[in-house]
Amino acid sequence: MNGPINEPRRGPKRVRLLTSLFASILLAVGFSAVALESTTKPASAAPISVNQCNNVYNTPGLTVDCDVAVINTLTDSPSTTGSVITTTNHLGATTVLTSTDIVTSVNQCNTSARGGGGTLRCHVNIINNIAVSGAQAATTATVNQCNNNQPDGLGTAPHTCSPVSNAGGATIFQCNNRTGNGGGLVTFAPEFSHCSASGTSSSSLPVTVNQCNEDSADGGGGRVSCTTTITNIVTDTDVTGGTPTGTPTGGTPTGGTGTGGTGTGGAPAIPVLATPKLTG
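The structure contained in this document is the topic of the report that follows. (Residues numbered from 1 in each chain as written. Predicted model: local features only at pLDDT ≥ 70, side-chain atom pairs only at ≥ 80, totals over all residues. Heavy atoms only, no water.)

Points about the overall build of the chain
Counting its secondary structure elements, the chain contains 1 helix and 16 strands. A burial count over the chain gives 37% of its 280 residues as buried. Element-wise, carbon and sulfur atoms account for 58% of the exposed surface of the chain, whose accessible area totals about 15,200 Å². (Helix = DSSP H or I, 4+ residues; strand = E, 2+ residues; numbered from the N terminus. Buried < 20%, exposed > 50% of the residue type's maximum accessible area, 1.4 Å probe, protein only. Areas by Shrake-Rupley, 256 points an atom, 1.4 Å probe, with all protein chains shown as cover.)

Structure follows, in structure tokens:
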């Protein structure tokens, strides 16, 4: 807008001065509150989602082969918080992205490789390095896998699902809703159809995976091989600190007991980044 901005009519000079002074006091208090809050809470990174290989290659006999590997690092400091994301899509293109944000969901290989004779080979590997104040311990990840399929789809021997589980609101949601339907799933080793999900989760950094669902590799004569692994390495910085640094002060005891020296506390320990390995 290029026109002038209409300003409200000004009041008496004394009122304006008092108003200005009051606003200055509020502004100063506000900045103090913000500064205090930022030093007492963990770094807050924006949640991001990885989405690839969904609704692709829906022509009989094609192969969807995709991988996602994520290393999340969440600390009390914005300077050491972020993620490294490595993806390989169905065209064979590999991309590595470094972000100051945190990956909280992966959606991959849904409604893909349809039409009969297709192969769905998709893998997700996530490592969460968590080192924050009050970090919550890792627990076994919940799984919803190999459900809502026809009798000839995944979940029925000799096709294998590890585990077959239908937990609500699960961390890992995989190989559900008509995946592999139509009969004729590959049953011979090492190419037999198989879905596996394992790992841990932490409420300090919830991450979900949704892959190989919704009619993927249907139509008969297909192969489904989808795996998800989530690892959480958790450190509560309120409990675990670094090695103290500094030189103790105090003289050598003579004829009695000397005074012990003091050192300065080290920075909170941050776990060494683990590197995910993609499985074939």
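Some points on the pattern of salt bridges
Inspection of every chain in the model, using the stated rule, returns 4 salt bridges. With a closest N to O distance of 3.6 Å, D218 and R114 form a salt bridge. Of this pair, D218 sits in the loop between β13 (208–211) and β14 (223–236) while R114 sits in the loop between β5 (102–108) and β6 (119–132), and the two are 104 residues apart along the sequence. The class for D218 is buried, based on a relative accessible area of 13%. A residue is classified by how much of its surface remains accessible, and R114, at 30% relative accessible area, is partly exposed. (Salt bridge = Lys/Arg side-chain N within 4 Å of Asp/Glu carboxyl O.)

Description of the sheet that holds β5
Pairing in this open sheet of 6 strands is mixed, and the strands run β1-β5-β13-β11-β8-β10 from one edge to the other. Either end of the sheet is taken by a strand with one partner, and the two such strands are β1 (47–52) and β10 (165–166). Bridge count for strand β8 (residues 143–145) against strand β11 (residues 172–174) is 3 bridges, and the pairing is parallel. When the sheet's bridge partners are listed, N144 is paired in β11 with F173. (Pairing = 2+ DSSP bridges.)

Regarding the nonpolar core
A general tendency of soluble globular proteins is for nonpolar side chains to be buried together. V106 and I126 are the most contacted members of the largest nonpolar core, which totals 20 residues. Broken down by secondary-structure element, the contributors of at least two residues to this core are β2 (63–75), β5 and β6. The element best represented in this core is β6, accounting for 4 residues. Setting aside chain neighbours within four positions, we find I126 in contact with V70, V106, V207, V209, T229, I230 and T231. (Core = buried A, V, L, I, M, F, W, Y, C linked by side-chain atoms within 4.5 Å. Contact = heavy atoms within 4.5 Å.)

Side note on the environment of L205
With respect to the helices, strands and loops of the structure, L205 is situated in the loop between β12 (194–201) and β13. Separated by 77 residues in sequence, L205 and N128 place their C-alpha atoms 7.7 Å apart. Apart from the residues within four sequence positions on either side, L205 is in contact with N72, L74, I102, T104, N128 and I130.

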